[in-house]
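# Examination of the molecular architecture
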Amino acid sequence: MQFYDVIQSRTSVKKFKTTPIDKNKLSRMVNAAMMAPSWKNHTSYKFILVDDVGQKDQLSQCIMNATNDAMDAVIQAPMVAVVVANPAESGIIADRQYYQVDSGIAMEHFILAATNEGYGTCWIASIDEDRIRPILAIPDNFRVVAMTPIGEISENKSHYPQKDIGEYIYLNNWKNAWK
């Protein structure tokens, strides 16, 4: 796929086939995540790939704004990627904790790579990290940032309609909408 086709194709998928993730494709997705930029080139994030049925079921119970669709997606998908980060391995400037930014960029690289490989994903960040931590044996110094189910798509879903750029993009100042 061409780069802009990947971006246009990516959407939040909640219905998956149970076909296992191809190891070569997964390797490319993981490598894409590891190429993400980070604060001072520190890699504060790590990915935990989960394909255990019991653990996926437990993770589905940790979604805070749980809907049946999101919970079912985590259970149904053949794999779930969970991104965690150690805040001490990243920076804090003006109360901004860059581990969250670093993790977000890495997860987006992973998700776009998954789209390129023909897989669907759904970014889930409204999660109870205190419940996730023991399920995945995550050390106390790491924060759980987000997770996404990954799998072959079993629903016909297109990207949401494009937003009006003039409402979101400005040139030089807030009063000058970019056209």
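Keep in mind that this is a model prediction, so the values were computed, not measured. (Residues numbered from 1 in each chain as written. Predicted model: local features only at pLDDT ≥ 70, side-chain atom pairs only at ≥ 80, totals over all residues. Heavy atoms only, no water.)

### A word on the overall build of the protein chain
Counting secondary structure elements, the protein chain contains six helices and six strands. N-terminal to C-terminal, the α/β element order of the protein chain is α-α-β-α-α-β-β-β-α-β-α-β. Radius of gyration (C-alpha) of the protein chain: 17 Å, near the 16 Å computed for a compact globule of 179 residues. Counting only residues that meet the buried cut, the protein chain has 39% of its 179 residues in that class. Sequence-distant contacts, at least 24 apart, represent 76% of the contacts inside the protein chain between residues at least 6 apart. Surface exposure of the protein chain reaches about 10,600 Å², of which carbon and sulfur atoms provide 51%. Across the protein chain, the centroid of the 18 positively charged side chains sits 4 Å from that of the 20 negatively charged ones. (Helix = DSSP H or I, 4+ residues; strand = E, 2+ residues; numbered from the N terminus. Rg over C-alpha atoms; globule rule 2.2 N^0.38 Å. Buried < 20%, exposed > 50% of the residue type's maximum accessible area, 1.4 Å probe, protein only. Contact = heavy atoms within 4.5 Å. Areas by Shrake-Rupley, 256 points an atom, 1.4 Å probe, with all protein chains shown as cover. Lys, Arg positive; Asp, Glu negative; His and termini not counted. Charge placed at Lys NZ, Arg CZ, Asp CG, Glu CD.)

### Here we look at the nonpolar core
Across soluble globular proteins, nonpolar side chains have a tendency to be buried as a group. The biggest cluster of nonpolar side chains holds 20 residues, and the ones touching the most others in it are Leu-59, Val-82, Ile-132, Leu-136 and Met-147. Those elements that place two or more of their residues in this core are α4 (68–76), β2 (79–85), α6 (129–135) and β6 (143–152). If we skip the residues at most four places from it in the chain, Leu-59 touches Val-50, Val-74, Val-80, Val-82, Ile-132, Ile-135, Leu-136 and Met-147. Judged by nonpolar contacts, the second largest core, of twelve residues, contains Ala-32, Phe-110, Ala-114 and Tyr-119. (Core = buried A, V, L, I, M, F, W, Y, C linked by side-chain atoms within 4.5 Å.)

### A closer look at helix α2 (residues 23–34)
A turn of α-helix holds 3.6 residues, and therefore any two residues three or four places apart point the same way. Spanning twelve residues, α2 covers 16 Å between terminal C-alpha atoms, matching the ideal 16 Å at 1.5 Å per step. In this structure, the buried side of α2 is in contact with β1 (45–50), β2, α5 (98–116), β5 (119–121) and β6. (Expected span 1.5 Å × (residues − 1).)

### Overview of the packing of helix α3 (residues 53–60) against α4
For the pair α3 and α4, interaxial distance at closest approach is 8 Å and the crossing angle is 165°. Of the possible angle classes, the one that applies to α3 and α4 is roughly antiparallel. In the crossing of α3 with α4, the sense of the turn from one axis to the other is right-handed. Where α3 approaches α4, its residues Lys-56, Asp-57, Leu-59 and Ser-60 are matched on the opposing element by Met-71, Val-74, Ile-75 and Gln-76. (Axes fitted to C-alpha atoms, helices over the stretch in contact; angles between N-to-C directions. Parallel < 35°, antiparallel > 145°, perpendicular 65-115°, else oblique. Left-handed = near helix turned anticlockwise from the far one by under 90°.)

### What about the sheet that holds β5?
A sheet is described by the order of its strands in space; here four strands give the open sequence β1-β2-β6-β5, paired in antiparallel fashion. Single-partner strands in this sheet number two, and they are β1 and β5. Sheet twist, expressed as the average angle between the axes of neighbouring strands with direction ignored, equals 25°. Judged from the three bridges that link them, β5 and β6 form a sheet pairing that is antiparallel. Looking across to β6, one finds that Gly-120 is bridged to Gly-151. Here α5 sits on the sheet in contact with β1, β2, β5 and β6, set at roughly 5° to β6. (Pairing = 2+ DSSP bridges.)

### Remarks on the packing of aromatic side chains
In this structure the tally under the stated criterion is four aromatic pairs. With a centroid separation of 5.1 Å and an interplanar angle of 75°, the aromatic rings of Phe-3 and Tyr-4 are classed as edge-to-face. For Tyr-4, a relative accessible area of 66% puts it in the exposed group. The rings of Tyr-45, Phe-47 and Phe-110 are connected pair by pair, giving a single aromatic cluster. (Phe/Tyr/Trp six-rings, centres within 6.5 Å; stacked < 30°, edge-to-face > 60°.)

### Examining unusual backbone geometry
The phi dihedral of Asn-41 falls on the positive side, at around 60°, and the residue is not glycine. With respect to the element layout, Asn-41 can be found in the loop between α2 and β1. We classify Asn-41 as exposed; its relative accessible area is 66%. Of note in the backbone geometry, Asp-95 takes a positive phi value of approximately 65° without being a glycine. Asp-95 sits in the exposed class, given a relative accessible area of 77%.

Fair warning: the whole summary comes from geometry, so function is off the table for now.
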